[in-house]
Amino acid sequence: MRAIGIVGSGPMAIYLLKHLASSDERLAITIFEASPTAGLGMPYDPALNADYMLCNAFSREIPALDQPLIDWLKDRPARQLSEWELSAHDLTARAFYPRVLIGEYLHSQFEILCENMRADGHKIKVRTGCRVEDIAVSDTKRATIHYRSGQLVETAPFDIVAIASGHNWPEVPEIDGVKIISPWPYTNITDRDHDNIGVLGSSLSAIDIVVAIAHARGQFEESGDRINWLPDDAEDALRITMVSHMGIMPEGDFYYPFPYEPLICLTQEAIDGEIARGSQDLLDRVFKLLCSELDAVDPDYLDKLPQSARTVEGFAPAYFSRRREVGGLRAVKRDLAGARETVRRKETIPHRYALLRGHEAFDHVLRELTQEDYSRFLEHLMPVFADCYAAVPHLSLARIIALYDAGVLELVATEDGAEFSQAGDGRIKVNTEDGPTGFDAMVDARGQAPASLTDLPFPGLTKALLSPEEPVLQPFTLEFAHETASRIYCLALPQLLERYPFSQGLVECSHHARRVADDILSAQ
């Protein structure tokens, strides 16, 4: 019976467990989780997140585990649903739910998977409160996991180790050498009494932080689509400023067919054909396919933009220009009504649907690009795709608009090349397009950054790597300077992001985990 050690028990580990469960071979699997509760993951942990923070994948998009999310919700008793301010009438496959509710789903599915695998003859151990400190590899012995349990450091040998340690967030983030506030746990933010607060970023992570501050200092009143925010103290001087490079926010979720409908030009066959022609100019050739797709589904879209929009370097400025011209939160307010209407009518927005699907097509070519073209992609096209697949739940945007209407929230763009600094009085300063501004405190909402294998928190393991500066590639096995008796897989999110920039989200967790499970099971 092969012994498999899984470091972490969040979504990546849960989906890996699901895909391993299909094995005819009986496996001995030990899961190591540093926190007291297994089967959650940092973005879904109630100890780190508030119950009003929404997941931006609707329920039908979340890959099923033992059962789909919507079926699991329908099986919940009315009393439990009411704790989430839900009833059976609110449950739909296109609804967005709180992240901590998703955490409860993941946790319950994790426990069911473990029970089912044990019933099938697998040996499953779950070690909570155990932080893995190192992974030792050898050419003659199995890999050894060194883990701390309470005051003791213990060891366990494995034939296979999968590092599925999820997000890695510094306790004290920095920007330009200035120390700022971590968003985890959310009480880092809500327990502070600063009046002038900066939030670095404008994606859903930043929105969650803004909403958390607002909940701590007041309350939202909802009436249909209309939401107002009222402070607990009428004299409250709260002022929140979201700070981002362009001073814009992702657009609201819109209607699109799911399962997806086939694309016209940006097909897998066309992508494979371009890859077969080689890496020279591959990025530009695939971008040309994207332009053809946009022309086919929305003939006026590119024609209304400058001619430069048909180039890799010119597309993003043209794509973002309309929101930048209107202004960050004014654009949010204007566009939310249109996004809601697409959902009511069940009519898609053709160019947004093409771009949403386009990121999947581009993901197939990213590992085939030259380093120069990969850098071009990250600089010029990744911001567009990130904006598209980061579409925000309407409720989250409505809360943002409520704070904007209440006069406590603004969104500003930094100047090109702007640097953050800290004044003698502790205020954090930065030059924005509106001029110099300062904050009593600033919260980091930039999201998970990519990291190299050298940043893994396992010193013995990283020292043994053959090329620690090289990114990890599918099937995500690590290569060592010497032969090893065990295989080590790296599914840690920061390291995946280095060459798989679309790795965030439960769909990608399932895809990556399946690739590793298939590789493990094919080598029986």
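Data block above holds the structure.
What counts, and where the lines are drawn
- Residues numbered from 1 in each chain as written.
- Predicted model: local features only at pLDDT ≥ 70, side-chain atom pairs only at ≥ 80, totals over all residues.
- Heavy atoms only, no water.
- Helix = DSSP H or I, 4+ residues; strand = E, 2+ residues; numbered from the N terminus.
- Expected span 1.5 Å × (residues − 1).
- Contact = heavy atoms within 4.5 Å.
- Pairing = 2+ DSSP bridges.
- Axes fitted to C-alpha atoms, helices over the stretch in contact; angles between N-to-C directions.
- Buried < 20%, exposed > 50% of the residue type's maximum accessible area, 1.4 Å probe, protein only.
- Polar contact = N/O pair within 3.5 Å; in protein donor to acceptor, adjacent residues only side chain to side chain.
- Salt bridge = Lys/Arg side-chain N within 4 Å of Asp/Glu carboxyl O.
- Phe/Tyr/Trp six-rings, centres within 6.5 Å; stacked < 30°, edge-to-face > 60°.
- Lys NZ or Arg CZ within 6 Å of the ring centre and 35° of its normal.
- Core = buried A, V, L, I, M, F, W, Y, C linked by side-chain atoms within 4.5 Å.

Asks: Just to check I follow, could you spell out helix α4 (residues 99–119) for this structure?
Replies: Every α-helix winds through 3.6 residues per turn, so residues three or four apart in the chain are directed the same way. Over its 21 residues, α4 extends 30 Å from the first C-alpha to the last, a length consistent with the 30 Å expected when each residue adds 1.5 Å. Directly after α4, the chain includes Gly-121, whose backbone phi takes a positive value near 105 degrees.

Asks: Hey, could you run me through the side chain of His-394 in this one?
Replies: Mapping His-394 onto the fold places it in helix α13 (residues 394–405). Excluding residues within four positions of it along the chain, His-394 makes contact with Gly-252, Asp-253, Leu-336, Ala-339, Arg-340 and Val-343.

Asks: Would you explain the sheet that holds strand β5 (residues 143–149) in this entry?
Replies: Remark on secondary structure: sheet strands pair via backbone hydrogen bonds, oriented parallel or antiparallel. Sheet architecture is open: three strands sit in the order β4-β5-β6, paired in antiparallel fashion. Single-partner strands in this sheet number two, and they are β4 (130–136) and β6 (152–158). Here the average twist between neighbouring strands, direction ignored, is 25 degrees. Pairing between β5 and β6: seven bridges, direction antiparallel. In the sheet register, Ser-149 faces β6, and the bridge partner there is Leu-152.

Asks: Help me understand the pairing of strand β10 (residues 196–200) in this model?
Replies: Side chains on a regular strand alternate between the two faces of the sheet. Within β10, five of the five residues are buried, which leaves it mostly tucked inside the rest of the structure. Burial along β10 is two-sided: Asn-196, Gly-198 and Leu-200 facing one way and Ile-197 and Val-199 facing the other are all buried. Looking at chain direction, β10 and strand β18 (residues 441–444) are connected through four bridges and run parallel. Residue pairing in the sheet places Val-199 in a bridge with Val-443 of β18.

Asks: I keep staring at the environment of Ser-22 and nothing clicks. Help me out?
Replies: You can see Ser-22 is positioned in the loop between α1 (11–20) and β2 (27–33). Residue Ser-22 is classed as exposed on the basis of its relative accessible area of 56%. Residues Ser-22 and Leu-521, spaced 499 residues apart in sequence, show a C-alpha to C-alpha distance of 9.1 Å. From its side chain, Ser-22 meets the backbone oxygen of His-19 in a polar contact 2.8 Å long.

Asks: Looking at this model, I keep getting lost on the pattern of salt bridges. Mind explaining?
Replies: Tallied over the full model, the rule gives 31 salt bridges. It is possible to trace a salt-bridge network through shared partners that takes in Asp-225, Glu-341, Arg-344 and Arg-345.

Asks: What am I meant to see in the packing of aromatic side chains here?
Replies: To describe a pair of aromatic rings, you give the distance between the ring centres and the angle between the ring planes. The final tally for this structure, using the stated rule, is 22 aromatic pairs. Between Tyr-256 and Tyr-353, the ring centres sit 6.3 Å apart and the planes meet at 25 degrees, which makes this aromatic pair stacked. Remark: Tyr-353 occurs in helix α11 (residues 350–363) and Tyr-256 occurs in the loop between β13 (239–244) and α7 (268–276); sequence separation between them is 97 residues. Across this residue pair, the class does not change: Tyr-256 and Tyr-353 are buried. An angle of 70 degrees between the planes, with centres 5.7 Å apart, marks the rings of Tyr-389 and Phe-502 as edge-to-face. On the criterion of sequence distance, the pair formed by Tyr-389 in helix α12 (residues 371–389) and Phe-502 in the loop between α15 (493–497) and α16 (506–522) is long-range, its members being 113 residues apart. Of the residues examined, Phe-502 reaches a relative accessible area of 3% and is grouped as buried. Taken together, the ring pairs connect Phe-58, Phe-96, Phe-254, Tyr-256, Phe-258, Tyr-260 and Tyr-353 into an aromatic cluster. The cationic tip of Arg-94 hangs over the ring face of Tyr-256; the distance from NZ or CZ to the ring centre is 5.4 Å.

Asks: Explanation requested: the nonpolar core in the structure shown.
Replies: The nonpolar side chains of soluble globular proteins are, as a tendency, buried together. Ranked by size, the top nonpolar core spans 78 residues in total, and within it Ile-29, Tyr-97, Ile-102, Ile-135, Leu-461 and Ile-488 carry the most contacts. Looking at this core, the element that brings in the most residues is α4, giving nine residues. In this structure, Ile-102 is in contact with Tyr-44, Cys-55, Ile-62, Leu-69, Tyr-97 and Leu-506, ignoring residues within four places of it in sequence. Ile-209, Ala-214, Ile-401 and Val-443 belong to the second largest nonpolar core, which has 39 residues in total.

Asks: Explain α11 here, please?
Replies: End to end, α11 covers 20 Å across 14 residues, agreeing with the expected 20 Å (1.5 Å per residue, within 8%). For α11, the tally of buried residues reaches 12 of 14 residues, placing the bulk of the element in the interior. Every buried residue of α11 is accounted for by His-351, Arg-352, Tyr-353, Ala-354, Leu-355, Leu-356, Arg-357, Gly-358, His-359, Ala-361, Phe-362 and Asp-363. Buried-residue contacts for α11 involve α7, α8 (282–297), α9 (312–326) and α12.

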